[in-house]
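Per-entry structural report
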Amino acid sequence: SGSFTAKPGYFWCGAGTYVIRRKGQPALTTVYLKRGIGPASSAPGRKSVIFSTSAAGLPSAGGALTLNMDRPGTALQARKARSYCRDAFNRSTK
């Protein structure tokens, strides 16, 4: 079986899609990285991140445009996060 390496854009894609499609929030909603990549609490042996639509208690990322998965407070608008879905799809179909 092959291995799968999750890129930061894949996580942001999922977060943006969840905020817009499942929660019904506007595409301009800001999505914040609450906890960086680490062991998943719901699936032993897997990695996860935690996102939030609230900046409460998070440090400021200083407006840096990055897909950093290690720095809580990193933020993107949901529509920008979803833009990484196209990249994930394109790579998976090559």
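As a starting point, this report considers the structure included with it.

Conventions and cut-offs
Residues numbered from 1 in each chain as written. Predicted model: local features only at pLDDT ≥ 70, side-chain atom pairs only at ≥ 80, totals over all residues. Heavy atoms only, no water. Helix = DSSP H or I, 4+ residues; strand = E, 2+ residues; numbered from the N terminus. Buried < 20%, exposed > 50% of the residue type's maximum accessible area, 1.4 Å probe, protein only. Contact = heavy atoms within 4.5 Å. Areas by Shrake-Rupley, 256 points an atom, 1.4 Å probe, with all protein chains shown as cover. Pairing = 2+ DSSP bridges. Axes fitted to C-alpha atoms, helices over the stretch in contact; angles between N-to-C directions. Disulfide = S-S within 2.5 Å. Core = buried A, V, L, I, M, F, W, Y, C linked by side-chain atoms within 4.5 Å. Polar contact = N/O pair within 3.5 Å; in protein donor to acceptor, adjacent residues only side chain to side chain.

This brings us to the overall build of the protein chain. Along its length, the protein chain carries two helices and three strands. Overall, the protein chain shows an N-to-C arrangement of helices and strands of α-β-β-β-α. Relative to its 94 residues, the protein chain shows a buried fraction of 31%. For the protein chain, restricting intrachain contacts to residue pairs at least 6 apart in sequence, the fraction spanning at least 24 positions comes to 56%. By element, 52% of the accessible surface of the protein chain is carried by carbon and sulfur atoms, the whole surface being about 6,300 Å².

So, on to the sheet that holds strand 2 (residues 47-52). The three strands are arranged 2-1-3 in an open sheet whose pairing can be described as antiparallel. Each edge of the sheet is formed by a strand with only one pairing partner; in this case those strands are strand 2 and strand 3 (75-77). For this sheet, the mean angle separating the axes of adjacent strands, direction not counted, is 35°. Direction of pairing for strand 1 (residues 30-39) relative to strand 3: antiparallel, over a ladder of three bridges. When the sheet's bridge partners are listed, Tyr32 is paired in strand 3 with Ala75.

Looking now at the pairing of strand 1. As judged from the five bridges shared by strand 1 and strand 2, these two strands associate in the antiparallel manner. From the neighbouring strand, Gly38 faces strand 2, where its bridge partner is Ser48.

Another aspect to go through is the state of the cysteines. The final tally for this structure, using the stated rule, is one disulfide. Each disulfide pairs two cysteine sulfurs, and for Cys13 the partner residue is Cys85, the sulfurs being separated by 2.0 Å. When the S-S torsion is 105°, as for the bridge of Cys13 with Cys85, the disulfide is right-handed. You can see Cys13 sitting in helix 1 (residues 8-22) and its partner Cys85 sitting in helix 2 (residues 78-92), a full 72 residues away along the chain. Take Cys85: its relative accessible area is 17%, and that puts it in the buried class.

A separate point is the nonpolar core. Counting 14 residues, the largest nonpolar core has Trp12, Val31, Leu33, Val49, Met69, Leu76 and Tyr84 as the members making the most contacts within it. The greatest single-element share of this core, amounting to five residues, is contributed by helix 1. When sequence neighbours within four positions are dropped, the list of residues in contact with Leu33 reads Trp12, Val49, Ile50, Phe51, Leu58, Asn68, Met69, Asp70, Arg71, Pro72, Gly73 and Thr74.

With respect to the secondary-structure elements, Thr74 resides in the loop between strand 2 and strand 3. A distance of 2.8 Å separates a polar side-chain atom of Thr74 from the backbone oxygen of Arg71. Look past the residues within four positions of Thr74 in its chain and what remains in contact with it is Trp12, Val31, Tyr32, Leu33, Ala61, Thr66 and Asn68.

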